[in-house]
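Given next are the chains, with one letter for each unit.
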Amino acid sequence: MASDRSALDRLRAQARQARADGHFTQAARLERQAVELAGTLGLVGERARALLWEGYSLHQAGEDDLALAALLQAANERAPTADPADVFGALIAIVHISLDHKTAAFCRTLLEQGRSFLENFRRPWSASLDFLEGELAYRRGDFAAAWDCHTRAWAGWRDQHPRLTAATHLWALC
């Protein structure tokens with residue numbers, strides 16, 4: 001079991017390095033292997049985390065349909081051993097991708113689901129949802145609402161997982 005866990009840790013480290021090097025397809029492949037190994041080992045939390053990062057890597061590689069498939073699995077994980085931050089991070093990534101591919105009504109529904117998630121789990125992670133709400137308003141040409149949402153998002157930003165980068169928030173404000 002310890003060697004299996006070490007193999008999982010190695011896969012995740014290799015995937016992180018591949019992402020850092022800009023090799024997102026390779027990172028996604030390594031995360032997929034981590035998903036399968038974590039599933040075999042019964043490590044639900046590790047599986048959800050690998051699904052999150054597989055989805056992120058696939059999105060960065062331009063494979064949004066495949067990314068959504070992985071992210072939806074992570075976002076729907078409700079096992080007690082799954083980190084709520086990973087589940088929420090997957091939901092945020094789904095909304096982010098959906099802004100480019102889905103209707104405004106669909107995106108608003110996802111945002112509402114995110115707010116319900118935060119309420120149910122009593123988590124202070126609304127900055128990412130506020131940011132995405134601002135992005136939706138901006139894309140619809142409602143610049144005053146976008147400014148309000150982005151300002152609220154920046155005010156609530158915390159440098160801890162799950163989060164968008166500070167640069168992402170500042171770019172939106174600029």
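The sections below set out a description of the structure shown in this document. Note that the coordinates shown come from a computational prediction; the quantities given were computed from them, not determined experimentally. (Residues numbered from 1 in each chain as written. Predicted model: local features only at pLDDT ≥ 70, side-chain atom pairs only at ≥ 80, totals over all residues. Heavy atoms only, no water.)

**A closer look at the side chain of Glu46**
Mapping Glu46 onto the fold places it in helix α3 (residues 44–60). The exposure class of Glu46 is buried, given its relative accessible area of 17%. Setting aside chain neighbours within four positions, we find Glu46 in contact with Arg5, Leu8, Arg12 and Ala38. (Helix = DSSP H or I, 4+ residues; strand = E, 2+ residues; numbered from the N terminus. Buried < 20%, exposed > 50% of the residue type's maximum accessible area, 1.4 Å probe, protein only. Contact = heavy atoms within 4.5 Å.)

**Digging into the side chain of Ser57**
Structurally, Ser57 is set in helix α3. Side chain to side chain, Ser57 and Arg19 meet in a polar contact 3.1 Å long. If near-sequence neighbours (up to four positions away) are discounted, Ser57 is found in contact with Arg19, Phe24, Ala27 and Ala28. (Polar contact = N/O pair within 3.5 Å; in protein donor to acceptor, adjacent residues only side chain to side chain.)

**Looking at the environment of Leu110**
With respect to the helices and strands, the residue Leu110 is situated in helix α6 (residues 104–121). With sequence-adjacent residues up to four places away left out, Leu110 is seen in contact with Leu91, Ile94, Val95 and Ser98.

**Structural notes on unusual backbone geometry**
The phi dihedral of Arg122 is positive, around 50°, even though this residue is not glycine. Inspection of the secondary structure puts Arg122 in the loop between α6 and α7 (126–139).

**Here's the deal with the packing of α6 against α7**
Relative orientation of the contacting elements α6 and α7 amounts to 165°, with a least axis distance of 10 Å. Overall, the two elements α6 and α7 adopt an arrangement that is roughly antiparallel. Between α6 and α7 lies a crossing whose hand is left-handed. Seen from α6, the contacting residues are Ala104, Cys107, Arg108, Leu111, Gly114, Arg115 and Leu118; seen from α7, they are Ser126, Leu129, Asp130, Leu132, Glu133 and Leu136. (Axes fitted to C-alpha atoms, helices over the stretch in contact; angles between N-to-C directions. Parallel < 35°, antiparallel > 145°, perpendicular 65-115°, else oblique. Left-handed = near helix turned anticlockwise from the far one by under 90°.)

**Quick word on the environment of Cys107**
By the element assignment, Cys107 lies in helix α6. With relative accessibility at 1%, the residue Cys107 sits in the buried group. Expressed as a C-alpha distance, the spacing of Cys107 and Ile97, which sit 10 residues apart in the sequence, is 9.6 Å. Leave out the neighbours within four places in its chain, and Cys107 touches Ser98, Leu99, Lys102 and Leu136.

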